[in-house]
Amino acid sequence: QRYAAIARSLGLDRDGKAKTDDELVEAYCAKIIELMRDLNMPLTFRDAGVSESEFMRQLDDIALAAFDDQCTPANPRFPLVSEMKEILIDAYYGVEMRAKATSDIEAQEETSDSLKQQEVSESTEVEEKEKKALDRRAFMF
């Protein structure tokens, strides 16, 4: 409601398109983005030149630090660390890219899990071969 009131005070309800509070908030956000573009300001961390690999490497630590910040309990709703990560990902890629980034992270995790399972499977095969070799040796003596 506060952002809708700001949008009204900026006259964003006069164009006839934005009527509901949600529409006014969207119009307000669009106006901020337009202003940032007019001023050649980066819209995301990525646009500001932050390295993706460095950002991803530190994402968990940053999200935890944000969660632990002494101001966090003053928020109207107490966020989860996973929600803090989503906000940070949005701040890095932009909201439009969240789905892609999230799917990329999930794919990386799946690949990592798959590699771990493959390593365990290979390790188990090696152990089985070693056991059979030992059994054969024991039979020989």
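About the criteria used
Per chain, the residues get numbers from 1 upward, laid out in the order the sequence is written. Totals for whole chains, interfaces and linings use all residues, but because this is a predicted model, local features are given only for residues with pLDDT of at least 70 and pairs of side-chain atoms are given and counted only at 80 or more. Computation of side-chain values covers all heavy atoms of the structure but excludes hydrogens and water. Scored between 0 and 100, pLDDT is the confidence that the predictor attaches to each residue. Strands are runs of DSSP state E lasting at least two residues, helices are runs of H or I lasting at least four, and both sets are numbered from the N terminus onward. Each residue is assigned to one of three classes by its accessible area relative to the maximum for its type, calculated with a 1.4 Å probe on protein chains only: buried under 20%, partly exposed between the two thresholds, exposed over 50%. For the purposes of this section, nonpolar cores are sets of buried Ala, Val, Leu, Ile, Met, Phe, Trp, Tyr and Cys residues that join through side-chain atoms within 4.5 Å. Between two residues, a contact is recorded if the distance between any of their heavy atoms is within 4.5 Å. We count a salt bridge whenever a side-chain nitrogen from Lys or Arg sits within 4 Å of a carboxyl oxygen from Asp or Glu.

Q: So what's going on with the confidence of the model for the protein? Which residues, and what values?
A: When pLDDT is averaged along the protein, the result is 80; 69% of the residues meet or exceed 70. When the elements of the protein are averaged for pLDDT, helix H5 (residues 98-140) gives the smallest value, 62, and helix H3 (residues 52-68) the largest, 93.

Q: Any details on the environment of Gly 49? Residues and values, ideally.
A: Within the fold, Gly 49 resides in the loop between helix H2 (21-38) and H3. By relative accessible area, Gly 49 is classed as exposed at 61%. Gly 49 sits 43 residues away from Tyr 92 along the chain, and the two C-alpha atoms are 10.0 Å apart.

Q: Summarise the nonpolar core; cite the residues concerned and give the values.
A: Phe 55, Leu 59, Ala 63, Met 84, Leu 88, Ile 89, Tyr 92 and Tyr 93 together form the largest nonpolar core, which totals 8 residues. Ranked by residues supplied to this core, first place goes to helix H4 (residues 81-93) with 5 residues. In this view, Tyr 92 contacts Thr 44, Phe 45, Arg 46, Val 50, Ser 51, Glu 52 and Phe 55; residues no more than four positions away in its chain are not counted. Among the nonpolar cores identified, the runner-up in size contains 5 residues, and Ala 4, Ala 7, Leu 12 and Tyr 28 belong to it.

Q: How would you explain the pattern of salt bridges if you had to name every residue and give the values?
A: Per the counting criterion, the structure on display carries 5 salt bridges. Lys 31 is the salt-bridge partner of Glu 34, the closest N and O atoms lying 3.8 Å from each other. Placement of the pair is Glu 34 and Lys 31 together in helix H2, with a separation of 3 residues, close to one helical turn. A relative accessible area of 40% means that Glu 34 is categorised as partly exposed.

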